[in-house]
Amino acid sequence: MSSSPASPRPGVRSTRLLPPGLFFALPFLALFAFFMLWPLAQGLWMSLTDSSLSAHDPSFVGLDNFTEAFKDAEMWRSLWHTVWFTVISTVPLVVVALGMALLVHTGLPGQWVWRLAFFAPYLLPVGVVSLLWIWLYQPDLGLLNHLLDVVGLGQVGWLSDRSVAMWAVALTTLWWTVGFNFLLYLAALQSVPDHLYEAAAIDGAGAWRRLWSITLPQLGRITTVVTVLQALASLKVFDQVYLLTKGGPDNSTRPVIEYLYDVGFTGYRLGYASAISYIFFALVLLASAAQYAALRRREK
Amino acid sequence: MTSTELSVRTPSAQRPPRMPGSAGTRGDRRGRTTNLTLGPSPLARAVALAVLAVIALAWLLPMLWALLTAFKSEQDASDPEHWGLPRHGFTLRGFRIVWERGDLPLWMLNSFLIATAVTVVTVLVSAMAGYAFSRTSFAGRRPLFALTVAAVLVPPQILIVPWFRQMLGLHLLDTYAGVILPQTVAPVMVFILKKHFDSLPRELEEAARIDGAGHWRIFWSVLLPLSRPMLAAVAIFVFIGAWNNFLWPFVSTSDPALMTLPVGITSVKDAYGVQYAQTMASAVLAALPLVAVFLFFQRHIVKSVATTGLGGQ
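Residues numbered from 1 in each chain as written. Chains lettered and ligands numbered in written order. Predicted model: local features only at pLDDT ≥ 70, side-chain atom pairs only at ≥ 80, totals over all residues.

### A closer look at the overall build of chain A
Here is step 1: Of the regular secondary structure elements, chain A holds 13 helices and zero strands.
Here is step 2: In chain A, the succession of helices and strands from N to C terminus is α-α-α-α-α-α-α-α-α-α-α-α-α.
Here is step 3: Whereas a compact globule of 300 residues would reach a radius of gyration of roughly 19 Å, chain A reaches 25 Å, over 25% beyond that.
Here is step 4: Overall, the C-alpha framework of chain A stretches about 75 × 75 × 35 Å when taken along its three principal axes.
Here is step 5: Across chain A, contacts joining residues at least 24 apart in sequence account for 70% of those joining residues at least 6 apart. (Helix = DSSP H or I, 4+ residues; strand = E, 2+ residues; numbered from the N terminus. Rg over C-alpha atoms; globule rule 2.2 N^0.38 Å. Contact = placed C-beta atoms within 7 Å.)

What follows is the structure in structure tokens.
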């Protein structure tokens with residue numbers, strides 16, 4: 001992380017108004033201050049007021065928003081949905097990506113096709129993904145229920161059944177974003193040195209043995225990284241849930257970001273929405289700290 | 001966490017990691033890798049190939065199904081008895097109707113303009129900041145860089161409320177500037193580019209400096225040309241992110257004429273009613289640009305995910 005800056009040459013261009021370093025950093029620092037630091041401070045301040053979209057001057061209410069949030073069953077419910085989604089999406093998103101990468105890395109013919117098939121969905125805007133999957137999940141006409149019909153199983157209310165909807169959202173997310181983790185794994189696999197395999201081949205180790213004793217152990221580090229990145233991305237879920245189920249049925253899939261959106265932009269309560277934003281931020285920081293600890297332990 | 005986590009994927013310039021799809025003796029390598037991982041057994045190969053084909057088919061199926069629907073008439077698309085091939089043949093009607101409504105091409109244009117602006121500003125500003133943090137000294141350099149790294153942890157989702165407030169005050173809601181500006185702050189990219197500049201050898205700039213080149217010349221004519229692959233990777237990554245970004249464009253635009261593709265296509269989906277063929281036609285059209293880009297730049301995109309591998313949805 002640390003690097004010695006180029007030592008400024010004494011006597012040269014010391015008459016500048018602005019040190020050159022600051023000149024280079026200034027555009028970023030200005031945007032950073034204006035669109036990140038200031039909004040962060042502003043959000044914190046708003047969380048202590050009854051700020052609202054309807055026109056009245058906000059007044060300071062202390063920690064009222066936070067005490068209200070901690071007693072708000074809907075807030076806890078939406079936080080739980082976020083955490084639950086993170087669990088049921090992260091596991092398959094890591095495992096399936098690993099499986100795909102292992103298979104493609106064998107170098108079987110058709111490389112281009114496999115990469116396109118697995119990664120192309122990642123390039124679709126979430127709007128397209130949701131239109132596509134609403135159609136696939138459509139109860140009477142959708143492909144999934146047709147296929148269930150063919151194998152003789154009953155129809156499923158993919159997005160309307162409370163016990164299924166969250167899994168359906170996770171399935172869509174898996175299809176949509178697994179290609180990204182797949183590419184990370186593929187890059188990692190290509191840096192496993194060949195000589196390990198050659199040595200194993202001389203020792204007569206079979207394909208399974210090579211997988212378990214060479215490939216997988218070599219992937220330990222990247223697995224931790226992929227899991228961490230995936231969990232942090234999943235915690236921020238909003239788009240696909242909102243577009244597939246609008247948080248329903250009966251708010252049973254509504255994640256915390258949708259709750260703060262609903263509170264702030266549908267309910268006009270910007271102050272309360274800011275408090276929820278900060279509670280969510282605390283959750284993200286907590287998760288980051290836990291994962292940092294996990295990464296650290298790995299390094300040792 | 002940030003530094004350990006991020007540095008994993010920051011490649012050193014001296015030793016570019018082998019990327020998927022990198023050129024060279026690909027055929028040779030492929031055969032070798034197959035031998036190394038699967039062994040010579042034809043059965044193992046056949047099984048692996050079959051499994052791979054099944055997964056790939058499952059992954060392609062949703063898109064193929066959408067394509068099939070898009071080329072059907074509405075009547076065939078909502079016929080529960082014949083859900084495979086259409087009874088009345090294929091038609092381009094859905095595409096024509098959707099295209100002639102005119103909003104889809106407009107949203108594509110908006111998305112393109114906004115994503116391009118976000119990319120140009122972000123890459124330029126982040127590269128300059130990366131240079132400042134890597135190669136210059138000024139008061140506050142270290143704490144400011146530490147602050148930038150810490151900011152990687154801030155989820156942009158928590159900023160929509162204050163951003164909305166801010167843009168309301170600046171009268172920038174429902175403007176391009178209002179959609180673009182908040183997306184140009186990318187501490188992650190500053191971090192990646194700073195690490196990248198750190199990894200470049202200093203001999204060339206020393207030579208340039210002796211020739212009398214100032215900071216700007218060194219940055220623009222020495223370091224940036226050396227960094228082309230990295231800049232391309234960052235740019236691709238930022239562009240895909242901006243093209244697909246949903247939440248902020250969704251919150252900050254209500255005028256359909258200013259909406260981006262992901263927002264527009266979903267906000268008026270109710271207007272299509274139960275016109276499944278038209279809905280799928282619009283989805284197919286909306287998917288085309290980036291899929292086409294992928295086909296052209298496959299290697300670069302694959303590489304940029306591996307080098308900047310961050311973000312996600």
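### Remarks on the overall build of chain B
Here is step 1: Scanning chain B for helices and strands turns up 17 helices and zero strands.
Here is step 2: Within chain B, residue pairs in contact and separated by at least 24 positions form 78% of the contacts whose partners lie at least 6 positions apart.

### Considering the interface of chain B and chain A
Here is step 1: Across the boundary between the two partners, chain B contributes 97 residues, which contact 91 residues of chain A.
Here is step 2: With 14 residues, helix 3 (residues 42-70) of chain B is the single largest residue contributor to the side of chain B that touches chain A.
Here is step 3: Classifying every residue of the side of chain B that touches chain A gives 63 nonpolar, 25 polar and nine charged. (Nonpolar A, V, L, I, M, F, W, Y, C, P; charged D, E, K, R; others polar.)

### What to know about the packing of helix 10 (residues 187-199) of chain B against helix 13 (residues 228-244) of chain B
All names here are of chain B.
Here is step 1: At a minimum axis separation of 11 Å, helix 10 and helix 13 run at an interaxial angle of 170°. Classified by the angle between their axes, helix 10 and helix 13 sit roughly antiparallel to one another. Judged by residue contacts, Met189, Ile192, Leu193 and His196 of helix 10 engage Met230, Val234 and Val238 from helix 13.
Here is step 2: When the residues that make up the contact of helix 10 with helix 13 are grouped by side-chain class, the tally is six nonpolar, one polar and no charged. (Axes fitted to C-alpha atoms, helices over the stretch in contact; angles between N-to-C directions. Parallel < 35°, antiparallel > 145°, perpendicular 65-115°, else oblique.)

### Quick notes on the domain arrangement of chain B
Residues and elements named next belong to chain B.
Here is step 1: Partitioning chain B into domains gives domain 1 (22-99) and domain 2 (102-308).
Here is step 2: Between the C-alpha centres of domain 1 and domain 2 there is a distance of 31 Å.
Here is step 3: Across the boundary between the two partners, domain 1 contributes 14 residues, which contact 13 residues of domain 2.
Here is step 4: At the level of elements, helix 3, helix 4 (74-77) and helix 5 (93-101) are the ones that each hand at least two residues to the side of domain 1 that touches domain 2.
Here is step 5: The residue makeup of the side of domain 1 that touches domain 2, split by class, is eight nonpolar, four polar and two charged. (Domains from an automatic or database assignment.)

### Digging into the confidence of the model for chain A
Residue and element names in this part refer to chain A.
Here is step 1: Per-residue confidence for chain A averages 86 on the pLDDT scale, and 93% of its residues sit at or above 70.
Here is step 2: Considering each helix and strand of chain A separately, the mean pLDDT is smallest for helix 8 (residues 194-202), with a value of 79, and largest for helix 3 (residues 73-105), with 94.
Here is step 3: Overall, residues 1-15 carries pLDDT values under 50, and its contacts beyond four positions in sequence, including any with other chains, amount to 11 contacts. (pLDDT = per-residue confidence, 0-100.)

### Structural notes on the packing of helix 5 of chain B against helix 6 (residues 103-135) of chain B
All names here are of chain B.
Here is step 1: Remark: helix 5 packs on helix 6, axes separated minimally by 4 Å, with the N-to-C direction vectors making an angle of 65°. From helix 5, Val98, Trp99 and Arg101 reach across to helix 6, where they touch Asp103, Leu104 and Pro105.
Here is step 2: Residue composition of the contact of helix 5 with helix 6, grouped by class: four nonpolar, no polar and two charged.

### What to know about the nonpolar core
Here is step 1: Judged by nonpolar contacts, the single largest core of 167 residues is most densely connected at Ala97(A), Phe182(A), Tyr185(A), Ile276(A), Val234(B) and Val238(B).
Here is step 2: Here this core takes 16 residues from helix 7 (residues 165-189) of chain A, the largest share from any one element.
Here is step 3: Residues from two domains meet in this core; each of domain 1 (22-99) and domain 2 (102-308) of chain B gives at least three.
Here is step 4: Setting aside chain neighbours within four positions, we find Phe182(A) in contact with Ala97(A), Met100(A), Ala101(A), Phe118(A) and Phe119(A). (Core = buried A, V, L, I, M, F, W, Y, C linked by C-beta atoms within 7 Å. Buried ≥ 20, exposed ≤ 12 C-beta atoms within 10 Å, placed from the backbone.)

### A look at the confidence of the model for chain B
Residues and elements named next belong to chain B.
Here is step 1: Overall, the predicted model of chain B reaches an average pLDDT of 82, with 83% of residues at or above 70.
Here is step 2: Here helix 1 (residues 2-7) stands out as the least confident element of chain B, with mean pLDDT 36; helix 9 (residues 176-180) is the most confident, with 95.
Here is step 3: Low confidence marks residues 1-27, where pLDDT is under 50. Its contacts with residues over four positions away, or in another chain, come to 46 contacts.

### Describing the environment of Trp220(B)
Here is step 1: Along the chain, Trp220(B) turns up in helix 12 (residues 215-226).
Here is step 2: With 97 residues separating them in the primary sequence, Trp220(B) and Val123(B) have C-alpha atoms 13 Å apart.

### Re helix 9 (residues 207-218) of chain A
Residue and element names in this part refer to chain A.
Here is step 1: Taking 1.5 Å per residue as the helical rise, helix 9 with its 12 residues ought to reach 16 Å, and the 15 Å between its terminal C-alpha atoms agrees with that figure.
Here is step 2: Burial in helix 9 covers these residues: Ala207, Arg210 and Thr215. For helix 9, the arc enclosing every buried residue in end-on projection is 55°, short of the 170-degree limit, so these residues lie on one face. Residues of helix 9 that are exposed and point more than 90 degrees away from the buried face comprise Trp208, Trp212 and Pro217. (Expected span 1.5 Å × (residues − 1). Arc of directions from axis to C-beta.)

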